[in-house]
Amino acid sequence: MIIKNICCIGAGYVGGPTMAVIAKNNPNIKVTIVDINAERIAAWNDSDLSKLPIYEPGLAEIVKDIRGENLFFSTDIDTAINESEMIFISVNTPTKTYGKGKGMAADLKYIELCARNIAKVAVTDKIVVEKSTLPVRTAEAIKSILHNTGNHINFDILSNPEFLAEGTAVEDLLNPDRVLIGGESEVAIESLAKVYGSWVPQEKILRTNLWSSELSKLTANAFLAQRVSSINAISELCEHTGANVNEVSKAIGMDSRIGSKFLKASIGFGGSCFQKDILNLVYIARNYNLNEVADYWEQVIIMNDHQKRRFSDRLIKTLYNTVSGKKIGMLGWAFKKDTNDTRESAAIYVTDHLLSEQATISVYDPKVPEVKIQADLNYLNTRSKNENKENVMSESSPYEAVKNAHAVVIMTEWDEFKNYNWKKIYDTMKKPAFIFDGRNILDKFKMKEIGFEYYSIGQ
């Protein structure tokens, strides 16, 4: 099938950057990203590129170059579906908050709605590509819906999971480790391979069956998260024995069999994928009565939750066992640097814990607005919206956020945090002035030289 038009349903963290890079490298293909959220589409179309709904280094420049040429953003979903030969499904697949599998299984209602809409609208053959992270054998459900409710046309289903790291998504797309395409139709697989082949070397484009492709995505995230929890488990041991986790990490990372990536001790992993995908893996394993397998992967989540909890417990204990009425200056709200994504950010849960101990929190993040911070806390339903608003402030300046604070807490590893005038910060804080470095980004000895009581992970 010759691909002249691509439709992507979902203008989020995956759909936006992926389609922008595909359009940039395939000027002969018209790429239309659609979403039911009119406000989000308006932001993608805004002439002020700083208002794009997704912040990723390099993304605004690509959008600026090709928006209106062969990259379009629209709320007219049906027209885009009808005109396209290839449709990417890139909608949210959150963890279920209701019914069977609550708290573990992926909620596939948005995927099913997409499939039913495609089946209703399409009048010509389509290649439908799963881009969202999905449980194994979801393609079978999509195929069933399309073939049983469609207009007697041919649908080929492909699995093409994304392996992006937020903060480096554009670079990951331009220079991927691999592109994985799973499917049953060789013609459909090669049609998608040709799209990627315009900039990705053929040896990096892997063809598999559908189920291997779907499971590979969950497994990749599970393995990466496992490494984070593993080094974080060792960080606690380091704190009790006098070892330095940074030195341990460097030593084991130099082993070519292990490698150095994802071995930086921290307050724990966040983001939209790691926890969700592991919980999904656990749920699938339990469904097949593979309880040992489920227990093994569930421990990765347990360790991550423990790391966040012990960090806030340590802060409370160090501040003389009470933070009631004390101001805590929090630097960073995004789950990692170079992104405005806050999903499953450790900052949310640490703040929630400290609020339960009656602390006052003042937050500064260079890319996350106050409305998002409040929405993240309100989503937990731990207390009223008014209480959250009263006790959590957002500042536009890091120096204001930490002024008169009893402690500074570093939650995100933004590069700019390293370059602040920490002597100036020290002078404006309550004494003794504490720093709790959840990302180990500051120089311990310099901070102590200034006068801070400095606490980090694994040291």
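Residues numbered from 1 in each chain as written. Predicted model: local features only at pLDDT ≥ 70, side-chain atom pairs only at ≥ 80, totals over all residues. Heavy atoms only, no water.

**A word on the overall build of the chain**
Worth spelling out the cut-off: Helical segments are the DSSP runs of H or I of at least four residues, strand segments are the runs of E of at least two, and each set is numbered from the N terminus. Computation of the radius of gyration draws on C-alpha atoms alone. For the globule rule, the value is 2.2 Å times the number of residues to the power 0.38. The cut-offs for exposure are 20% and 50% of the maximum accessible area for each residue type, with area from a 1.4 Å probe on protein chains only; residues under the lower value are buried, those over the upper are exposed, and the others partly exposed. Working rule for contacts: check all heavy atoms of both residues, and any pair within 4.5 Å makes them a contact. Accessible surface area values rest on a Shrake-Rupley calculation with a 1.4 Å probe, where residue burial reflects the displayed protein chains alone. Residues counted as positive are Lys and Arg, residues counted as negative are Asp and Glu, and His and the chain ends are not counted. Charge coordinates come from a single atom per side chain, which is NZ of Lys, CZ of Arg, CG of Asp or CD of Glu.
Scanning the chain for helices and strands turns up 18 helices and 14 strands. Here the chain has a C-alpha radius of gyration of 23 Å; the compact-globule value for 459 residues is 23 Å, and the two agree. With the C-alpha coordinates aligned to their principal axes, the bounding extent of the chain is approximately 70 × 50 × 45 Å. Burial analysis of the chain (459 residues in total) assigns 53% to the buried set. Residue pairs in contact within the chain that sit at least 24 positions apart in sequence constitute 75% of those at least 6 positions apart. Here the chain displays about 20,700 Å² of accessible surface, and carbon together with sulfur accounts for 51% of that area. Side-chain charges of the chain comprise 54 positive and 58 negative groups, with the mean position of each set lying 3 Å from the other.

**Structural notes on the sheet that holds strand β12 (residues 407-410)**
The condition that has to hold: Note on pairing: two strands pair once DSSP finds at least 2 bridges between them. Here an axis means a line fitted to C-alpha atoms, over the contact stretch when the element is a helix, while the angle between two N-to-C directions is reported on a 0 to 180 degree scale.
Strand order in the open sheet made by the six strands is β11-β10-β9-β12-β13-β14, with parallel pairing throughout. Both outer strands of the open sheet, β11 (392-394) and β14 (453-456), are each paired with one neighbouring strand and no more. Ignoring which end each strand starts from, the neighbouring axes of this sheet average 20 degrees apart. As paired strands, β12 and strand β13 (residues 434-437) are joined by four bridges and run parallel to one another. Paired with Val408 across the strands is Ile435, a residue of β13. Sheet strands touched by helix α13 (residues 346-356): β9 (327-331), β10 (360-364) and β11. Its angle to β9, the strand with the most contacts, is close to 180 degrees.

**A look at the pattern of salt bridges**
To keep things clear, this is the line we draw: A pair is scored as a salt bridge if a Lys or Arg side-chain nitrogen falls within 4 Å of a carboxyl oxygen belonging to Asp or Glu.
Scanning the model with the defined rule gives 22 salt bridges in all. In this structure, Asp427 and Lys423 form a salt bridge, with 3.0 Å as the shortest nitrogen-oxygen distance. Taken as a pair, Asp427 and Lys423 lie in helix α17 (residues 422-428) at a separation of four residues, close to a single helical turn. Three or more residues are tied together by salt bridges with common partners; here these are Glu236, Glu239, Arg310 and Arg314.

**Let's talk about the environment of Ile153**
By secondary structure assignment, the location of Ile153 is in the loop between α6 (138-149) and β6 (155-159). A relative accessible area of 16% means that Ile153 is categorised as buried. For the pair Ile153 and Thr124, spaced 29 residues apart in the sequence, the C-alpha separation amounts to 6.2 Å. Once residues within four sequence positions are removed from consideration, Ile153 is found in contact with Ala122, Val123, Thr124 and Asp125.

**Quick word on the side chain of Arg439**
Quick reminder of the rule: Two N or O atoms count as a polar contact when they lie within 3.5 Å, although within protein this holds only if one can serve as hydrogen donor and the other as acceptor, and sequence-adjacent residues are included solely when both atoms are side-chain atoms.
Take Arg439: it is sitting in the loop between β13 and α18 (444-450). On the accessibility criterion, Arg439 (8% relative accessible area) is buried. At a separation of 3.4 Å, a polar atom in the side chain of Arg439 contacts the side chain of Ser266. Here the side chain of Arg439 touches Met411 through a polar contact of 2.9 Å, landing on its backbone oxygen. In contact with Arg439, other than residues within four places in its own chain, are Lys264, Ser266, Ile267, Gly268, Phe335, Ile410, Met411, Thr412 and Glu413.

**Some words on the sheet that holds strand β7 (residues 179-183)**
Strand pairs in the sheet, formed through backbone hydrogen bonds, run parallel or antiparallel to each other. Spatially, β3-β2-β1-β4-β5-β6-β7-β8 is the arrangement adopted by the eight strands of the open sheet, whose pairing is mixed. Edge positions in the sheet fall to β3 (71-74) and β8 (205-208), since each has one partner strand and no second. Neighbouring strand axes in the sheet, compared pairwise and without regard to direction, differ in orientation by 25 degrees on average. Here four bridges tie strand β2 (residues 30-34) to β3, and the two strands are oriented parallel to one another. By the bridge assignment for β3, Val34 is matched with Ser74. This element, α6, spans β5 (126-130) and β6 of the sheet and lies at about 165 degrees to β6.

**So, a nonpolar patch on the surface**
Stated formally: Patch building starts from residues that exceed 30% relative accessible area and form no salt bridge, then joins like charges within 9 Å and nonpolar side chains (Val, Leu, Ile, Met, Phe, Trp, Tyr) within 5 Å.
There is a patch of nonpolar side chains on the surface, built from Tyr288, Leu290 and Val293 and spanning about 300 Å² of accessible area. Along the chain, Leu290 turns up in the loop between α11 (274-287) and α12 (291-318).

**Examining the state of the cysteines**
Just so we agree on the cut-off: Working definition: a disulfide is two cysteine sulfur atoms within 2.5 Å of each other.
Counting across every chain of the model gives zero disulfides. Unpaired in this structure, Cys8 has its nearest cysteine sulfur neighbour in Cys7, at a distance of 7.0 Å.

**Digging into the packing of helix α1 (residues 15-25) against helix α3 (residues 59-66)**
Each pair of packed helices gets described by two things: the angle between the helix axes and the distance between those axes. Going by this rule: An angle below 35 degrees is treated as roughly parallel, one above 145 as roughly antiparallel, one from 65 to 115 as roughly perpendicular, and anything else as oblique. Crossing handedness: left-handed means the near helix sits turned counterclockwise from the far one by under a right angle, and right-handed means the same turn made clockwise. Each residue gets one label: Ala, Val, Leu, Ile, Met, Phe, Trp, Tyr, Cys and Pro are nonpolar, Asp, Glu, Lys and Arg are charged, and the others, such as Gly, are polar.
Running from amino to carboxyl end, α1 crosses α3 at an angle of 50 degrees, the nearest separation of the two axes being 10 Å. With respect to α3, the axis of α1 lies oblique. Crossing of α1 over α3 shows left-handed handedness. Here α1 contributes Pro17, Ala20, Val21, Ala23 and Lys24 to the contact with α3, which in turn contributes Leu59, Ile62 and Ile66. Residue classes in the contact of α1 with α3 are distributed as seven nonpolar, no polar and one charged.

**With respect to the packing of aromatic side chains**
Let me state the cut-off plainly: Two rings from Phe, Tyr or Trp (for Trp, the six-membered ring) form a pair when their centres are within 6.5 Å of each other. A pair whose planes differ by under 30 degrees is stacked, one over 60 is edge-to-face, and the rest are tilted. Both a distance and an angle decide whether a charge sits over a ring: NZ of Lys or CZ of Arg must be within 6 Å of the ring centre and within 35 degrees of the ring normal.
In total, this model carries 15 aromatic pairs according to the counting rule given. Every member of this aromatic cluster is reached through a ring pair, and the members are Tyr399, Phe417, Tyr420, Trp422, Tyr426 and Phe452. Residue placement shows Lys308 over the ring face of Tyr349; its charged tip is 4.4 Å from the ring centre. The aromatic ring of Tyr426 is capped on one face by Lys431, whose charged end is 4.6 Å from the ring centroid.

**What to know about the pairing of β9**
To keep things clear, this is the line we draw: A right-handed crossover is one whose linking path, passing over the helix from the first strand to the second, runs clockwise when the strands point away from the viewer.
In terms of burial, β9 is a largely internal element, five of the five residues being buried. Taking every second residue as pointing to the same face, both faces of β9 are buried, with Lys327, Gly329 and Leu331 on one and Ile328 and Met330 on the other. Crossover handedness for the path β9 to α13 to β10: right-handed. Here β9 pairs with β12 via four bridges, running parallel. Across the sheet, residue Met330 finds its bridge partner in β12, namely Val409.

**Re the packing of helix α9 (residues 210-241) against α11**
Axis separation between α9 and α11 bottoms out at 9 Å; the angle between their running directions is 115 degrees. The interaxial crossing formed by α9 with α11 has left-handed handedness. Note on element contacts: α11 touches α9 through Phe274, Asp277, Ile278, Asn280, Leu281 and Ile284, opposite Leu215, Lys217, Leu218, Asn221, Ala222, Leu224 and Ala225. Looking at the contact of α9 with α11 residue by residue, the class counts come to nine nonpolar, two polar and two charged.

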